[in-house]
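Chain by chain, the residues run as shown.
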Amino acid sequence: MAGISRGQAFTLEGFVAAAVVLTSVVLALQTVVVPPDAGTANQDDSLRTQAEDILRTQASADGRDLTHAVRYWDPLRRTFDGAQDREVGYGNQSLPGALFGGAFERTFSARGLTYNVVLVYHRPGNASARAEPLLYQGTPGPDAVTARHAVTLYDDMTLTSPGAGPRRLDQYDADPDVDGASFYPIPDVVDGPVYNVVEVRVTVW
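Residues numbered from 1 in each chain as written. Predicted model: local features only at pLDDT ≥ 70, side-chain atom pairs only at ≥ 80, totals over all residues. Heavy atoms only, no water.

**Q** Would you mind going over the overall build of the protein with me for this structure?
**A** Each helix and strand in the protein was counted, giving four helices and six strands. Secondary structure elements in the protein, listed N-terminal to C-terminal, are α-α-α-β-β-α-β-β-β-β. Going through the 205 residues of the protein one by one, you find that 36% of them count as buried. Counted over contacts in the protein with a minimum sequence separation of 6, partners at least 24 positions apart contribute 65%. Accessible surface, the protein: about 11400 Å² in total, of which carbon and sulfur atoms supply 54%. (Helix = DSSP H or I, 4+ residues; strand = E, 2+ residues; numbered from the N terminus. Buried < 20%, exposed > 50% of the residue type's maximum accessible area, 1.4 Å probe, protein only. Contact = heavy atoms within 4.5 Å. Areas by Shrake-Rupley, 256 points an atom, 1.4 Å probe, with all protein chains shown as cover.)

And the structure:
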């Protein structure tokens, strides 16, 4: 009987040891963080860097800088000049050559990539920010990356679309019910010479 008891004890100890080892393995697997595929991570970083480079280059350009795109509004049509509509901006069209000099088309469209360009601007008081699509090609995929660059608009700037005229930004109204020639969706939200701060946001996938 003693031998049997000792054998049973050894068996029990074996089961306990196996359970402890199994539990340790399960816990270890649950705590392991699987890093993203190196190739995917590198591609995401590359796309974001390329989009940021375009925005930075445009922001420092002489003449048609990044604010030129933000102000490329046709007050009579109530869209960006030549755009489809306010819902998608230029949509699946190419951006006009006057905006970004074709950089997005060369960098992304030529490689079969899709991208959105939206303008995120402040609203008066504590109202949440709002986005105006400059070019919206669809809902970003799960692997999308985003680049951002903020620009400042000033009261004495004018719209840059052909035929917009010399009217200053602070002479436009952000109320869509006003006369069309006086409508510009980005409002004047700051006292003094600053008109608004707009974030140009590019999402690529």
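And the narrative resumes.
**Q** Which parts of the structure should I look at to understand unusual backbone geometry?
**A** For arginine 78, which is not glycine, the phi dihedral falls at a positive 60 degrees. One can find arginine 78 in the loop between strand E1 (73-74) and strand E2 (79-80). Residue class for arginine 78 comes out partly exposed when judged on its relative accessible area of 23%. Even without glycine at this site, phenylalanine 100 takes up a positive phi of about 65 degrees. Here phenylalanine 100 lies in the loop between E2 and helix H4 (103-107). Judged by relative accessible area, which is 4%, phenylalanine 100 ranks as buried.

**Q** Explain the environment of phenylalanine 100 to me, please; I cannot follow it from the model alone.
**A** Sequence spacing of phenylalanine 100 and arginine 64 is 36 residues, and the spatial spacing of their C-alpha atoms is 8.4 Å. Apart from the residues lying within four places of it in its own chain, the contact partners of phenylalanine 100 are Ile54, Leu55, Gln58, Leu66, Ala69, Leu95 and Leu134.

**Q** Looking at this structure, how should I read the packing of aromatic side chains?
**A** How two aromatic rings sit relative to each other is set out by the distance from centre to centre and by the angle between their planes. Overall, the coordinates contain eight aromatic pairs when judged by the stated rule. On the basis of an interplanar angle of 65 degrees and a centroid distance of 6.2 Å, the ring pair of tryptophan 73 and tyrosine 184 is categorised as edge-to-face. Here tryptophan 73, found in strand E1, pairs with tyrosine 184, found in the loop between strand E5 (145-154) and strand E6 (194-204); they are 111 residues apart in sequence, far enough to count as distant. Centre to centre, the rings of phenylalanine 104 and phenylalanine 108 are 6.2 Å apart; their planes meet at 20 degrees, and the pair counts as stacked. Site record: aromatic cluster; members linked through ring pairs are Trp73, Phe80, Tyr172, Phe183 and Tyr184. Its end group placed over the ring of phenylalanine 183, arginine 78 keeps NZ or CZ at 4.9 Å from the ring centre. (Phe/Tyr/Trp six-rings, centres within 6.5 Å; stacked < 30°, edge-to-face > 60°. Lys NZ or Arg CZ within 6 Å of the ring centre and 35° of its normal.)

**Q** Sorry if this is basic, but what is going on with the pattern of salt bridges here?
**A** Opposite charge on two side chains permits them to pair, given that their charged atoms come into close proximity. Evaluated as defined, the whole model comprises six salt bridges. Between arginine 56 and aspartate 53 there is a salt bridge, with its nearest N and O atoms 2.5 Å apart. One end of the pair is arginine 56 and the other is aspartate 53, both in helix H2 (residues 38-59) and three residues apart, which spans about a single turn. For glutamate 199, the salt bridge identified is with arginine 148, shortest N-O distance 3.6 Å. With glutamate 199 in strand E6 and arginine 148 in strand E5, this residue pair connects regions lying 51 residues apart in the sequence. With a relative accessible area of 47%, arginine 148 lands in the partly exposed category. The network of salt bridges with shared partners includes Arg148, Glu199 and Arg201. (Salt bridge = Lys/Arg side-chain N within 4 Å of Asp/Glu carboxyl O.)

**Q** Is there a simple way to explain the sheet that holds E5 in this structure?
**A** Think of a sheet as strands paired side by side through backbone hydrogen bonds, with each pair either parallel or antiparallel. Across the sheet, which stays open at both edges, the four strands sit in the order E4-E3-E6-E5 with antiparallel pairing between neighbours. Edge positions in the open sheet fall to strand E4 (130-135) and E5, since each of these has one partner strand only. Within the sheet, the average angular offset between the axes of one strand and its neighbour, ignoring direction, is 25 degrees. Sheet analysis places strand E3 (residues 115-121) next to E4, joined by five bridges and oriented antiparallel. Bridge pairing in E4 links valine 117 to leucine 135. (Pairing = 2+ DSSP bridges. Axes fitted to C-alpha atoms, helices over the stretch in contact; angles between N-to-C directions.)

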